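Descriptive analysis of the structure
Chain residues, written in single-letter form:
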Amino acid sequence: MPLALLALAVGAFGLGTTEFVMMGLLPDVAGDLHISIPAAGHLVSAYALGVVIGAPLLAALTARLPRRTVLVSLMALFVAGNALSALAPGYDSLLAARFLSGLPHGAFFGVGAVVATNLVAPERKARSVSLMFMGLTVANIAGVPVATLMGQHLGWRATFLGVSLIGVAAMAAVFLLIHPTHAPAPATGLRGELSALRALPVWLALATTVVGFGALFSAYSYITPMLTDAAGYADSDVTLLLALFGVGATIGNLVGGRLADHAMRGTLFGGLVSMVAVLLLFPVLMRTEWSAALAVVLLGIAAFITGSPLQLMVMERASAGPSLASSANQAAFNLANAGGAWIGGVALAAGFGVTSPALAGAALAVLGLGVASMAYAVDRRRAVPTTVHERVVASHVPETAEPVRS
């Protein structure tokens, strides 16, 4: 795998750190700005809103620019947003800065995934995407805990300054390690990117992302009360257990990328079936501490096995203009975050028990299997190639607005 993928992984590490670190800094920010914890929680929502809006918008606005230039510019916006967060004089300005920080998130992952696949042979595309995403999963293991400790000892503003420096390093890495020939301007421009979104298989792939990853967030959003109230862990143990989730996510991401290069559809279905099984077992696994820790790791593995296949499936079904569709898939991941958390909360509020969000997640994973099956049926009707060899051959076919690979 080329060293240029490291540049994309560094950017992903910074984005993942700043996205999730706010959860650990909420008490510090609330105390310093004299606001309530719920009000501080809106800072998390502001970032997510920035991702959903910024992913398709920035991808569309930069559709005619060289992709290396786009990636550097997106990281510059990321640096500015985090620096402004560190310097924010009050709550409103911090809210705006968090929104600004979220704008480049989805577009970076979307455009970066397209660049990553251009760096490798066709039969290694899923693996290249998984290596970029590894920056995001490693952020949950190391970046978020370290940044949280930094905020607790040096102040939350120091955390955002530190994340800004990661962004500067990512800018330099992208500029130095990614050759312009691997990240040229798209040949089709905005019109081609938009035309690719008209295809039904693209929307079915996006819907699979929303529903499938909604299953993860239905359970993961309420993992802390499950671990403390059901499994009996102390509050102080939760940070370590969340790092275990990051370990599982990293394993699943790497395994999923390798398997998807051999059987993308099979890997996607296998990941969704695994997620159904793990989430159905949650009420049993949460009865003891050791099995609860195992459940956290298994959830990370099962969920992130599907990450690379979902991303690549969207890109291949929008082969005439993959950047916009790839960025839209990042917005879909964040819609899954919001929707899954809401559905899990409904189950919890209905009094079905502290582990009920996991069962709601299992139902969403089953629905995700249904949507993925519908997408498969549409692909078969359109005679989409399904083997690695056919995908390699198809990669040399002139691009059209219709999907040509699976």
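See the structure printed just above.
The paragraphs below set out a description of the structure included in this document. (Residues numbered from 1 in each chain as written. Predicted model: local features only at pLDDT ≥ 70, side-chain atom pairs only at ≥ 80, totals over all residues. Heavy atoms only, no water.)

Per the secondary structure count, the protein chain includes 16 helices and 0 strands. A globule of 406 residues ought to have a C-alpha radius of gyration of about 22 Å, and the protein chain, at 20 Å, matches this closely. The principal-axis extent of the C-alpha atoms belonging to the protein chain is close to 55 × 45 × 30 Å. Buried residues in the protein chain amount to 57% of all 406 residues. Here the protein chain has roughly 15,400 Å² of accessible surface; of this, 72% comes from carbon and sulfur atoms. The centroid of the 19 positive side-chain charges in the protein chain is displaced by 13 Å from the centroid of its 16 negative side-chain charges. (Helix = DSSP H or I, 4+ residues; strand = E, 2+ residues; numbered from the N terminus. Rg over C-alpha atoms; globule rule 2.2 N^0.38 Å. Buried < 20%, exposed > 50% of the residue type's maximum accessible area, 1.4 Å probe, protein only. Areas by Shrake-Rupley, 256 points an atom, 1.4 Å probe, with all protein chains shown as cover. Lys, Arg positive; Asp, Glu negative; His and termini not counted. Charge placed at Lys NZ, Arg CZ, Asp CG, Glu CD.)

Below, the discussion takes up the pattern of salt bridges. Side chains that differ in charge, positive against negative, can pair when their charged atoms come close. Going through the model one piece at a time under the given rule, you end up with 4 salt bridges. Where Asp261 meets Arg127, a salt bridge forms, and the shortest distance between an N and an O atom there is 3.4 Å. Note that Asp261 is positioned in the loop between α10 (238-260) and α11 (264-285) and Arg127 in helix α5 (residues 125-154), a separation of 134 residues in sequence. Grouping residues by exposure puts Asp261 and Arg127 together as buried. (Salt bridge = Lys/Arg side-chain N within 4 Å of Asp/Glu carboxyl O.)

Let us now look at the packing of helix α1 (residues 4-33) against helix α6 (residues 156-177). Put simply, α1 and α6 touch, their axes get as near as 9 Å, and they point 170° apart. Overall, the two elements α1 and α6 adopt an arrangement that is roughly antiparallel. A class-by-class count of the residues in the contact of α1 with α6 yields 18 nonpolar, 5 polar and 3 charged. (Axes fitted to C-alpha atoms, helices over the stretch in contact; angles between N-to-C directions. Parallel < 35°, antiparallel > 145°, perpendicular 65-115°, else oblique. Nonpolar A, V, L, I, M, F, W, Y, C, P; charged D, E, K, R; others polar.)

Another point: the nonpolar core. Within the largest apolar cluster, 102 residues are counted, with the highest numbers of intra-cluster contacts made by Leu216, Met275, Phe282 and Met286. Apart from residues lying up to four places away in sequence, Phe282 is in contact with Ile223, Met226, Ala295, Leu299 and Ala358. Among the nonpolar cores identified, the runner-up in size contains 17 residues, and Leu33, Ala39, Tyr91 and Trp156 belong to it. (Core = buried A, V, L, I, M, F, W, Y, C linked by side-chain atoms within 4.5 Å. Contact = heavy atoms within 4.5 Å.)

This brings us to a nonpolar patch on the surface. A cluster of nonpolar residues, Leu3, Leu6, Phe175, Leu176 and Leu177, forms a patch on the protein surface that exposes about 520 Å² of accessible area. The dominant element in the nonpolar patch, judged by the number of residues it contributes, is α6, at 3 residues. Topologically, Leu177 is positioned in helix α6. In this structure Leu177 comes out as partly exposed when scored by relative accessible area, which is 33%. (Patch = residues over 30% accessible without salt bridge, like charges linked within 9 Å, V, L, I, M, F, W, Y side chains within 5 Å.)

Right, let's get into the packing of aromatic side chains. One pass over the full model with this rule turns up 8 aromatic pairs. Taking 4.7 Å as the distance between ring centres and 80° as the angle between the ring planes, the aromatic pair formed by Phe213 and Phe333 counts as edge-to-face. With Phe213 in helix α8 (residues 200-220) and Phe333 in helix α14 (residues 322-349), this pair connects stretches of sequence that are 120 residues apart. Judged by relative accessible area, Phe213 falls into the buried class, the value being 4%. Ring plane angle 25° and centroid distance 4.2 Å describe the contact between Tyr220 and Phe245, whose orientation is recorded as stacked. Of the two residues, Tyr220 sits in helix α8 while Phe245 sits in helix α10, which places them 25 residues apart along the sequence. Residue classification places Tyr220 among the buried residues on the basis of a relative accessible area of 18%. The residue whose ring lies beneath Arg68 is Phe175, and the NZ or CZ to ring-centre distance is 4.6 Å. (Phe/Tyr/Trp six-rings, centres within 6.5 Å; stacked < 30°, edge-to-face > 60°. Lys NZ or Arg CZ within 6 Å of the ring centre and 35° of its normal.)

What follows is about a negative patch on the surface. On the surface, Asp229, Asp235, Asp237 and Glu289 cluster together to form a negatively charged patch. One can find Asp229 in helix α9 (residues 223-230).

With that settled, consider α5. With 30 residues, α5 ought to run about 44 Å at 1.5 Å a step, and its terminal C-alpha atoms sit 41 Å apart, in line with that. Along α5, the largest kink reaches about 55° and is centred on Ala139. (Expected span 1.5 Å × (residues − 1). Bend = angle between axes of the 7 residues up to and from the residue.)

Turning our attention to the environment of Ala363. With respect to the element layout, Ala363 can be found in helix α15 (residues 356-381). A residue is classified by how much of its surface remains accessible, and Ala363, at 47% relative accessible area, is partly exposed. Measuring from C-alpha to C-alpha, the distance between Ala363 and Leu279 comes to 9.1 Å, with 84 residues separating the pair along the chain.

Attention now moves to the side chain of Asn140. With respect to the secondary-structure elements, Asn140 resides in helix α5. With relative accessibility at 15%, the residue Asn140 sits in the buried group. Ignoring anything within four residues of it in the chain, the contact list for Asn140 reads Phe20, Pro145, Leu242, Ala243 and Gly246.

Here the largest pocket defines a volume of roughly 1,400 Å³. Surrounding the largest pocket, 48 residues form its lining, Glu19, Phe20, Met23, Asn140 and Tyr220 being those nearest its centre. Classifying every residue of the lining of the largest pocket by side-chain character gives 31 nonpolar, 16 polar and 1 charged. (1 Å grid on protein atoms, 1.4 Å probe; cavity = no way out; pocket = protein on both sides within 12 Å on 5 of 7 lines; lining within 4 Å. Points joined across faces, edges and corners; volume = space filled by probe spheres on them.)

What follows covers the side chain of Ser130. Structurally, the position occupied by Ser130 is in helix α5. Among the polar contacts listed, one links the side chain of Ser130 to the backbone oxygen of Arg127, at a separation of 2.7 Å. When sequence neighbours within four positions are dropped, the list of residues in contact with Ser130 reads Asn253, Leu254, Gly257 and Ser308. (Polar contact = N/O pair within 3.5 Å; in protein donor to acceptor, adjacent residues only side chain to side chain.)

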